[in-house]
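Observations on the three-dimensional arrangement
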Amino acid sequence: MLSDLAYLFYPIYCAACDNPLYKNERILCTSCRHKLPLGNFHKVNAKKIEKVFYGRSKIENATSLLVFEKDGLVQNLIHNLKYRGREEIGQELGIWLGNELSKSIDYQDIDSIIPVPLHPRRLRERGFNQVEKFGKEIAKKLDAEYVDFVLKKNSYNQKQSKNSRLTRWKNTSETFGIQNESLLENKHILIVDDIVTTGATIEACVNVLKIIPGIKISVATMAITV
C-alpha cells in the first residue's frame, strides 16, 4: 500500500517516451522496449559500423545496441541520460548490451572496458560520465576489468551536438592522452561510448591507445547514427 501511495504522488516516467511507467515496468515502458530500433551489429551487418572506421583506425570488432534517429525515441533516451541525470538509463543499456555480447564469440576475450573520458571541466559540469554505468555493466557481463584511469581527455571542447560532421572531426582530433599504459599491454580492450556519429571521437581514442604494445581494440556504443 505504501508503495502504491508513493507511486501515486511520485510516478516514474519512461526514459524514452516520458509517459508514466506501470508498476511492473523498469526504466522503459513495454511499448518503447518493442519500438526501440535495435542495431544488432554484433549478430548481423557488423561491417556497417566497422566501415565507419575503415582506413582510419584498425579495430577488431564494433557494435552499437541502438540506431539513433533525429527526434526519435533513442534521441530522447540519450538526452534524458546526459542532460537530465538519469544515470539508470546507462546502467540498463549496459545490462542489455552486456547480455548480448556475452553470447558473441567475438567478445569473449575482452580483458578491459575503457570508457571514452570526459574532460575534468565537463565532468564537473555534468557531475558524471554518461557511459560509466554502461561500461561497468558490460564489464560485469564479460568478466572484464573496468579501467577509467588510463585514457584521459586533454582538451575542453564546447558541446558538439549541433556541430557539423567536419567540425566534430576537427574538434576531437588529438585531444586524448594516456597514462599507466603498461596496464593495457597485450590486452584486448573494448572502448565504450554513447553515440557514434562520425567516429571522430573513438578514432582519436584508438590512435592514442594503439601505440601500446600488443593491444587489440574493439568498440561498443549505446547507439549509432545512420
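Here's a quick rundown of the structure.

The next thing to look at is helix 5 (residues 88-101). Spanning 14 residues, helix 5 covers 20 Å between terminal C-alpha atoms, matching the ideal 20 Å at 1.5 Å per step. Judged by how many residues are buried, helix 5 sits mostly within the fold: 10 of 14 residues are covered. Residues of helix 5 that are buried: Ile89, Gly90, Glu92, Leu93, Gly94, Trp96, Leu97, Gly98, Glu100 and Leu101. Tucked inside the fold, the buried residues of helix 5 contact helix 2 (30-35), strand 1 (62-68), helix 4 (73-83), helix 7 (132-142), strand 6 (188-196) and strand 7 (216-225).

Further remarks concern the packing of aromatic side chains. Here the structure, examined in full by the defined rule, presents 0 aromatic pairs. Sitting over the face of the ring of tryptophan 96, arginine 33 holds its NZ or CZ atom 6.0 Å from the ring centroid.

What follows is about the side chain of arginine 126. Within the secondary structure layout, arginine 126 lies in helix 6 (residues 120-126). At 5.8 Å, aspartate 194 is the nearest oppositely charged side chain to arginine 126, a buried residue that forms no salt bridge.

Turning to the environment of phenylalanine 128, a few remarks are in order. The residue phenylalanine 128 is located in the loop between helix 6 and helix 7 in this model. The contact partners of phenylalanine 128, leaving out residues within four places of it in the chain, are Leu81, Lys82, Gly85, Glu87, Leu118 and Leu123.

In this structure, Leu28, Leu93, Ile113, Ile138 and Leu190 are the most contacted members of the largest nonpolar core, which totals 38 residues. For this core, the elements supplying multiple residues, two or more each, are strand 1, helix 4, helix 5, helix 7, strand 6 and strand 7. Here this core gets 5 residues from one element, more than from any other, and that element is helix 5. Residues contacting isoleucine 113, with those up to four places away along its chain left out, are Gly135, Ile138, Ala139, Leu142, Ala144, Glu145, Tyr146, Val147, Leu190 and Val192. Formed by 27 residues, the second largest nonpolar core is a distinct cluster that contains Phe53, Ile114, Val196 and Val219.

Turning our eyes to something else, we now look at the side chain of aspartate 193. Residue position: aspartate 193 is located in strand 6. Buried within the structure, aspartate 193 lacks any salt-bridge partner; its nearest side chain of opposite charge belongs to lysine 82, at an N-O separation of 7.3 Å. Not counting the four nearest positions on each side in its chain, aspartate 193 is found in contact with Val116, Val131, Phe134, Thr201, Ile202, Ala220, Thr221 and Met222.

On to the sheet that holds strand 3 (residues 145-146), then. Read from one edge to the other, the open sheet built from 5 strands follows the order 1-7-6-2-3, with strand pairing classed as parallel. Looking at the sheet topology across the chains shown, the edges are occupied by strand 1 and strand 3. Examined bridge by bridge, strand 6 and strand 7 share 8 bridges and lie parallel to one another. In the strand pairing of strand 7, isoleucine 189 is matched with isoleucine 217. Along the sheet face, helix 5 touches strand 1, strand 6 and strand 7 and points at about 130 degrees away from the line of strand 1. Relative to strand 6, helix 7 is tilted by about 145 degrees, and along the sheet it contacts strand 2 (112-115), strand 3, strand 6 and strand 7.

Parameters at a glance
Residues numbered from 1 in each chain as written. Predicted model: local features only at pLDDT ≥ 70, side-chain atom pairs only at ≥ 80, totals over all residues. Heavy atoms only, no water. Helix = DSSP H or I, 4+ residues; strand = E, 2+ residues; numbered from the N terminus. Expected span 1.5 Å × (residues − 1). Buried < 20%, exposed > 50% of the residue type's maximum accessible area, 1.4 Å probe, protein only. Contact = heavy atoms within 4.5 Å. Phe/Tyr/Trp six-rings, centres within 6.5 Å; stacked < 30°, edge-to-face > 60°. Lys NZ or Arg CZ within 6 Å of the ring centre and 35° of its normal. Lys, Arg positive; Asp, Glu negative; His and termini not counted. Salt bridge = Lys/Arg side-chain N within 4 Å of Asp/Glu carboxyl O. Core = buried A, V, L, I, M, F, W, Y, C linked by side-chain atoms within 4.5 Å. Pairing = 2+ DSSP bridges. Axes fitted to C-alpha atoms, helices over the stretch in contact; angles between N-to-C directions.

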